[in-house]
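Observations on chain architecture
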Amino acid sequence: MKRYLPVLFTALVLFSCKEDTNPVIVDPPNPFAQTAIAWPSLQNAPWPMYRHDPQLTGRSQYAGPTKGIISDTVNVMPYSVLYCGITIDKNNNAFIPFDFRSTENLWSYNLISKTIQWKSTIPQLMVENINMPTVTSNGNIIFSSRDLCIISPNGQVVHQNNTPFIAGFTSSVDKAGNIYYMRQTPKSFFCMSSSGTPLWTISDARMQETGYALSFSPDGKTMYVPCETANDLVALDVSAHDIIWSFGTTGLFTPPLIDNQGHIYYHTNNWQSNTDDTLYCLNPNGSVRWLYRYHKVQPITSYYGVEPLTIDRDGNIIALAPRDTIVSLTNDGKLRWKLPLTAYKGTEQLVCDVNGTIYCATWDNHVLAISKSGSILWSLKLSSSNDTWFASPSLADGKLIVTGATDKIYIIE
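Because the structure is a prediction, the values reported are computed rather than measured. (Residues numbered from 1 in each chain as written. Predicted model: local features only at pLDDT ≥ 70, side-chain atom pairs only at ≥ 80, totals over all residues. Heavy atoms only, no water.)

1. Examining the overall build of the protein chain
Note the cut-off: Helical segments are the DSSP runs of H or I of at least four residues, strand segments are the runs of E of at least two, and each set is numbered from the N terminus. When accessible area is computed with a 1.4 Å probe and restricted to protein chains, residues below 20% of their type maximum are described as buried, those above 50% as exposed, and intermediate ones as partly exposed. For this analysis, residues touch if any pair of their heavy atoms sits within 4.5 Å. Working definition of accessibility: Shrake-Rupley area with a 1.4 Å probe, residue cover restricted to the visible protein chains.
A count of helices and strands for the protein chain gives one helix and 32 strands. With 413 residues in all, the protein chain has 59% of them scored as buried. Within the protein chain, counting contacts between residues at least 6 apart in sequence, those at least 24 apart form 49% of the total. On the protein chain, roughly 17100 Å² of surface is accessible, and the fraction owed to carbon and sulfur atoms is 54%.

Shown next as structure tokens:
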């Protein structure tokens, strides 16, 4: 028996070295995967600003609602909820802004206890164009329209500009907490410290003062400002206080979305044309990476410029192209799927959760949950028949908050 042991040992070695006939295939890592970008000046909260983050991704770090039921409503009679939507801090307080018909123009409502925490009256903000509040890392709230002010977590005014101006919808914060905003008359771009001290300003007639927000590059060094005339957008070096490049010719109302790799996404909103429009992806230097052309069909033939994109964790871009059709593209511009919403009369604002589920409110008073593969998971009919325009929804853990031109805020699970 001993004389056979070397032979057996050799056979075992050869067998163990034999190539596996069923090797495990490991997919290469996704080069376009998206993760949250650290932004120290913002509170680590479910939805601390318009479109969730300074890159305006419209993507939550939480899973959204799965039941498709209304779990709570906030009755705000006799006021009308503002079109810009609400923000949510780390304690699940939702900050609700109101238009000029309200004397108490900012409320705090807790989503867990379902109670109003406070109502605040802020002077000089009694106009319709109010920016969605931004919650900073220390809990303060940036709120603007005709004026720009900083509000404490309990609703007290910490700072307010002494000279009223029209700031439109536009404001944002950089990583250091500096605040950026546009002044309409005269048209100027301002930067002030987190405490309200003016730092610098530039003027450029091209800049759009009534856009909803401003986009930042992932490193926070470049800001992308929509233009009203001459160009679609300009890239602003915030350290040099100088415009480093511009692109396009039509002008924009909605700022672009920026991904982790610094690519810039936006679609043109040529309301003078009812034929073709274009979804652009630009490289960080302003050159065209790819474009996707789409045809606007009846009954939606024009754009108002408020059709922000969203991006899922895999880097897929979800857009309205046109407003009655949701389109999903890969990060390198290949079509994944289309979902017509003509039966729902179209939509405007798209957001997505950590699982890639897409949520939107439609023009016929439905809220939809759409899978990452483009199928409708559930459809919820809202009780109000008055809403034909909805703000950008906000996502919390297991919840979607929808506001519009109505006397109710809907909290959906």
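2. Notes on the pattern of salt bridges
Formally: A pairing counts as a salt bridge when a side-chain nitrogen of Lys or Arg comes within 4 Å of a carboxyl oxygen of Asp or Glu.
Enumeration over the complete set of coordinates arrives at three salt bridges. Residue Glu 413 pairs with Lys 399 through a salt bridge whose shortest N-O separation is 3.7 Å. Separated by 14 residues along the polypeptide, Glu 413 in the segment after β32 (408-412) and Lys 399 in strand β31 (residues 399-402) bring together distant segments of the chain.

3. Some points on the sheet that holds strand β28 (residues 366-370)
Working definition: the strands of a sheet are paired by backbone hydrogen bonds and lie parallel or antiparallel to each other. This is how it is decided: One requirement defines pairing of two strands: DSSP has to find at least two bridges between them.
Strand order in this open sheet of four strands is β26-β27-β28-β29, and the pairing throughout is antiparallel. Because the sheet does not close on itself, it has two edges, and the strands there are β26 (351-352) and β29 (376-381). Pairing analysis gives five bridges linking β28 to β29, with the strands arranged antiparallel. By the bridge assignment, His 366 is partnered in β29 with Lys 381.

4. Thoughts on the confidence of the model for the protein chain
Which entries qualify depends on this criterion: Scored between 0 and 100, pLDDT is the confidence that the predictor attaches to each residue.
With 80% of its residues at a pLDDT of 70 or more, the protein chain has an overall mean of 84. Note that pLDDT drops below 50 for residues 11-19; the model gives that stretch zero contacts with residues more than four away or on any other chain. Contacts for the low-pLDDT stretch residues 299-303, under 50 throughout, to residues beyond four places or in other chains number 20 contacts.

5. As for the sheet that holds strand β25 (residues 335-340)
The strand order across the open sheet formed by four strands is β22-β23-β24-β25, and the pairing between neighbours is antiparallel. For this open sheet the edge positions go to β22 (310-311) and β25, each flanked by a neighbour on one side alone. When strand β24 (residues 325-329) meets β25, the two strands line up antiparallel, connected through five bridges. Among the inter-strand pairings, Ile 326 is bridged to a residue of β25, identified as Leu 339.

6. Points about unusual backbone geometry
Its identity as a non-glycine residue notwithstanding, His 52 has a phi of 85 degrees, on the positive side. Mapped onto the fold, His 52 is located in the loop between α1 (5-17) and β1 (70-75). The exposure class of His 52 is buried, given its relative accessible area of 12%.

7. So, the pairing of strand β16 (residues 233-237)
Both faces of the sheet carry side chains from a regular strand, because those side chains alternate between them. The element β16 is extensively covered by neighbouring structure, given that four of its five residues are classed as buried. Two strands pair when backbone bridges link them, and strand β15 (residues 222-226) and β16 are joined in this way by five bridges, in the antiparallel orientation. When the bridges of β16 are listed, Thr 222 appears paired with Asp 237. Hairpin geometry of β15 and β16 is characterised by an intervening segment of six residues between the two adjacent antiparallel strands and by a positive phi of about 75 degrees at Ala 230. Where β16 meets strand β17 (residues 242-247), five bridges bridge the pair, whose relative direction is antiparallel. Residue pairing across strands places Ala 235 opposite Trp 245, the latter belonging to β17. The turn joining β16 and β17, which pair antiparallel and follow one another in sequence, is formed by four residues; a positive phi near 60 degrees is taken by His 241.

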